[in-house]
Every structure is written in structure tokens, then in C-alpha cells.
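Descriptive structure summary
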Amino acid sequence: MLDLTNVCKTFNAGTVNEKHALNNVQLHLEDGDFVTVIGSNGAGKSTLLNAVAGTWPVDSGSIQIDGQNVTGLPDYQRASLLGRVFQDPMIGTASNMMIEENLALAARRGKRRGLRWQIAPDEREQFHARLTELGLGLEDRMSVKVGLLSGGQRQALTLLMATLRRPKLLLLDEHTAALDPTTAAKVLELSDRIIAENRLTALMVTHNMKDAIKHGNRLIMMNDGKIILDISGEEKKQLTKADLLQKFAEVSGNTLENDRVLLS
């Protein structure tokens, strides 16, 4: 479902601030893979997601999604293939529009747009049913403006919008980092359920080692723009935070110094 071949990205090339964010990254995701991505600040995690999404063009290498070469395509031309949830709950929704209007926009992603704005009765029924599944009571507030929702409710809505049309690939960019622990756990639970029920292929960036180990069927760790660990199957099921730190030290020759990783 996703193939990255020798992908490179450098920021501020030729200056004292030159940063090799991605160094010949090779990554292959099968249909239905749920991969968590972990690493310290500056390891290349968010750059990886932005490269896949087309937010930043890569310097070299190729990116394929579901067999389609999207390397040279801008982000808006990849939108029909991808769903994405950002770290900031305010980014994924339109705050001055109602919940049902936000969902209508998501339902029309990748389709031709006309002048018609009305939400059809069958669409409204579908939105009501999908919101009920979230268990947050939003199905009774469909005419409420999204700006009045809490951060957790808004992030849950963004997750629903990102998966409403079953994307080829779901990108979760530290989507619980701005939430309190209880709300973050609820959103992660919803993420697991939606990914499993729809058999989605997903790539989730996180700073939290516990979350990286607990969720998904595969874990990759990045350092200096490279994938230095790729763990799946029974090895991942038996993995602990201590094991992960030890493996990082063995592979990289360094220790993790990021407090958010160590203390999570």
C-alpha cells in the first residue's frame, strides 16, 4: 500500500543550517499494516509523513501509494488517497461550520464539486450513525459549530472525517500529543477501532514509547533521518520500553535523550 524507495530530503542545503531530514529512507507497508513511528526530536518522523502527504517535495527517491507513483504530485492531488489527523485539533476541521457540514466536506473529498450545498437526508442519517459509534454524544449536536467542541471531541471528529471515505493510507501525526492523558487514551482507542473495522493501512507518529509498543502490528524507530529499527510480529508483542531503549543504543551507538520519550 505504501512504498518509499531511497527517499531523501534536505533542508537549508548549502548553508550552516543544513539538515538531512531523510537519508535514503526505504519503507514498505502492506495493505492493512498499522505502523507506529518513534524517535527523538529531529529524527525525521514528521518529515516522513509530510513527504508521503506531499506537503514537502522530496529531493530524490520515489513514493508510491497503492501502486501509483505520487512522487511529483502536490498534496491536493494526493488528497483522495490519504486521510490525515494532525497534532493540533484545530487544524483538521472548520471551526465556523457545523459538525454535519464538516462531515459533508469530508464525504465529498475527491469528488467533483458543484453549486449544490444541501446535505441529503440519507447523508445526514449516515453522519448520525457514524457519530453515534464514537460514543461522545456528538450525534445529538450535529448542528453545533465545531469551534464549540472540546479538543478531544474535535480530534475524534477529525479522525472520523479522515476515514469517512476509507483512504488508501491514514496518517496520524502525533494526533494525541495536545490532549490530556484520559482524552488521549480515548482517541487512541477510537483510532484502533476505526483502523481495525475498516482494515485501514496506517502510519502513526508518536513520542510515547508505551503507545508505540501497544498499538499497531509493527514499530519503526528513526534516528538522523534513517530507519534504524523495524520490529513486528511476536517480537513487537513481547517488546518493553527497556528493550526499545537497549535496541536503540545498540543500533545507533547513542542513548535517547528526549525527555518526552524517556518519561512517557
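Structure first, text after, so check above.
Notes on the structure in this doc start here. Every value quoted in this text rests on a predicted model; they were computed, and no experiment measured them. (Residues numbered from 1 in each chain as written. Predicted model: local features only at pLDDT ≥ 70, side-chain atom pairs only at ≥ 80, totals over all residues. Heavy atoms only, no water.)

The N-to-C vectors of helix α5 (residues 151–163) and helix α6 (residues 181–197) enclose an angle of 15°; their axes lie 10 Å apart at closest approach. Put simply, α5 runs roughly parallel to α6. Relative to α6, the crossing made by α5 is right-handed. On the side of α5, the interface is formed by G152, Q155, A156, L159 and T163, while α6 contributes T183, V187, L190, S191 and I194. Per-class residue counts for the contact of α5 with α6 are five nonpolar, five polar and no charged. (Axes fitted to C-alpha atoms, helices over the stretch in contact; angles between N-to-C directions. Helix = DSSP H or I, 4+ residues; strand = E, 2+ residues; numbered from the N terminus. Parallel < 35°, antiparallel > 145°, perpendicular 65-115°, else oblique. Left-handed = near helix turned anticlockwise from the far one by under 90°. Contact = heavy atoms within 4.5 Å. Nonpolar A, V, L, I, M, F, W, Y, C, P; charged D, E, K, R; others polar.)

Attention shifts here to the pattern of salt bridges. Applying the stated criterion across every chain yields a total of ten salt bridges. A salt bridge links R193 to E197; the shortest N-O distance between them is 3.9 Å. In this pair, R193 and E197 are both assigned in helix α6, four residues apart and thus about one turn of the helix distant. Given the relative accessible area of 30%, R193 is considered partly exposed. Residue E197 is classed as exposed on the basis of its relative accessible area, which comes to 54%. A salt bridge links K237 to E234; the nearest nitrogen and oxygen atoms lie 3.5 Å apart. On the criterion of helical spacing, the pair formed by K237 and E234 is a turn pair, its members being three residues apart in helix α8 (residues 233–237). The same class applies to K237 as to E234, namely exposed. Beyond isolated ion pairs, a larger network of salt bridges with shared partners links D33, R218 and D230. (Salt bridge = Lys/Arg side-chain N within 4 Å of Asp/Glu carboxyl O. Buried < 20%, exposed > 50% of the residue type's maximum accessible area, 1.4 Å probe, protein only.)

Turning our attention to the packing of helix α4 (residues 121–134) against α5. Between α4 and α5, whose axes approach to 11 Å, the crossing angle comes to 130°. Comparing the axis directions of α4 and α5 gives the class oblique. Crossing hand, α4 versus α5: right-handed. Together, R130, L131 and L134 of α4 and A156, L157, L160 and T163 of α5 make up the contact between the two elements. Residues belonging to the contact of α4 with α5 are distributed by class as follows: five nonpolar, one polar and one charged.

Quick look at the packing of aromatic side chains now. Using the criterion set out here, one finds one aromatic pair in the structure. Aromatic side chains F11 and W56 sit 5.0 Å apart centroid to centroid with 80° between the ring planes, which places their arrangement in the edge-to-face category. Residue F11 is found in strand β1 (residues 2–11), and its partner W56 is found in the loop between α1 (45–53) and β4 (60–65); the two are separated by 45 residues along the sequence. (Phe/Tyr/Trp six-rings, centres within 6.5 Å; stacked < 30°, edge-to-face > 60°.)

Either a parallel or an antiparallel arrangement is found when strands of a sheet pair, and the pairing is made through backbone hydrogen bonds. In spatial order, the strands read β6-β7-β8-β3-β9-β10; together these six strands make up an open sheet with mixed pairing. On the outer flanks of this sheet lie β6 (82–85) and β10 (226–232), each paired with one strand and no other. Pairs of neighbouring strands in the sheet enclose a mean axial angle of 20°, with direction left out of account. Sheet analysis places strand β7 (residues 169–173) next to strand β8 (residues 202–205), joined by four bridges and oriented parallel. If you follow L172 over to β8, its bridge partner there is M204. In the packing of α1 onto the sheet, contacts are made with β3 (34–38), β6, β7, β8 and β9 (218–223), and the angle to β7 comes to roughly 145°. Relative to the sheet, α6 contacts β3, β7 and β8, its axis offset from that of β7 by approximately 170°. (Pairing = 2+ DSSP bridges.)

Attention now goes to the sheet that holds strand β2 (residues 19–29). Strand order in the open sheet made by the four strands is β2-β1-β4-β5, with antiparallel pairing throughout. Among the strands making up the open sheet, the edge pair consists of β2 and β5 (68–69).

Before going further, it helps to examine the side chain of D173. Here D173 shows up in strand β7. On the basis of relative accessible area, D173 is assigned to the buried category, the value being 10%. A polar side-chain atom of D173 sits 3.4 Å from a polar atom in the side chain of R84. Once you skip the residues sitting within four places of it in the chain, D173 turns out to touch S46, L49, R84, V85, F86, Q87 and V205. (Polar contact = N/O pair within 3.5 Å; in protein donor to acceptor, adjacent residues only side chain to side chain.)

Moving on to the nonpolar core. Ranked by internal contacts, the top residues of the largest apolar core, which has 31 residues, are I99, L103, F127, L131, L157 and L170. At the level of elements, α3 (99–107), α4, α5, β7, α6 and β8 are the ones that each hand at least two residues to this core. Of all the elements, α5 adds the most residues to this core, at six residues. Apart from the residues lying within four places of it in its own chain, the contact partners of I99 are L131, L138, R141, M142, V144, V146, L149 and L157. Within the second largest apolar cluster, 27 residues are counted, among which are L2, A43, I63 and V70. (Core = buried A, V, L, I, M, F, W, Y, C linked by side-chain atoms within 4.5 Å.)

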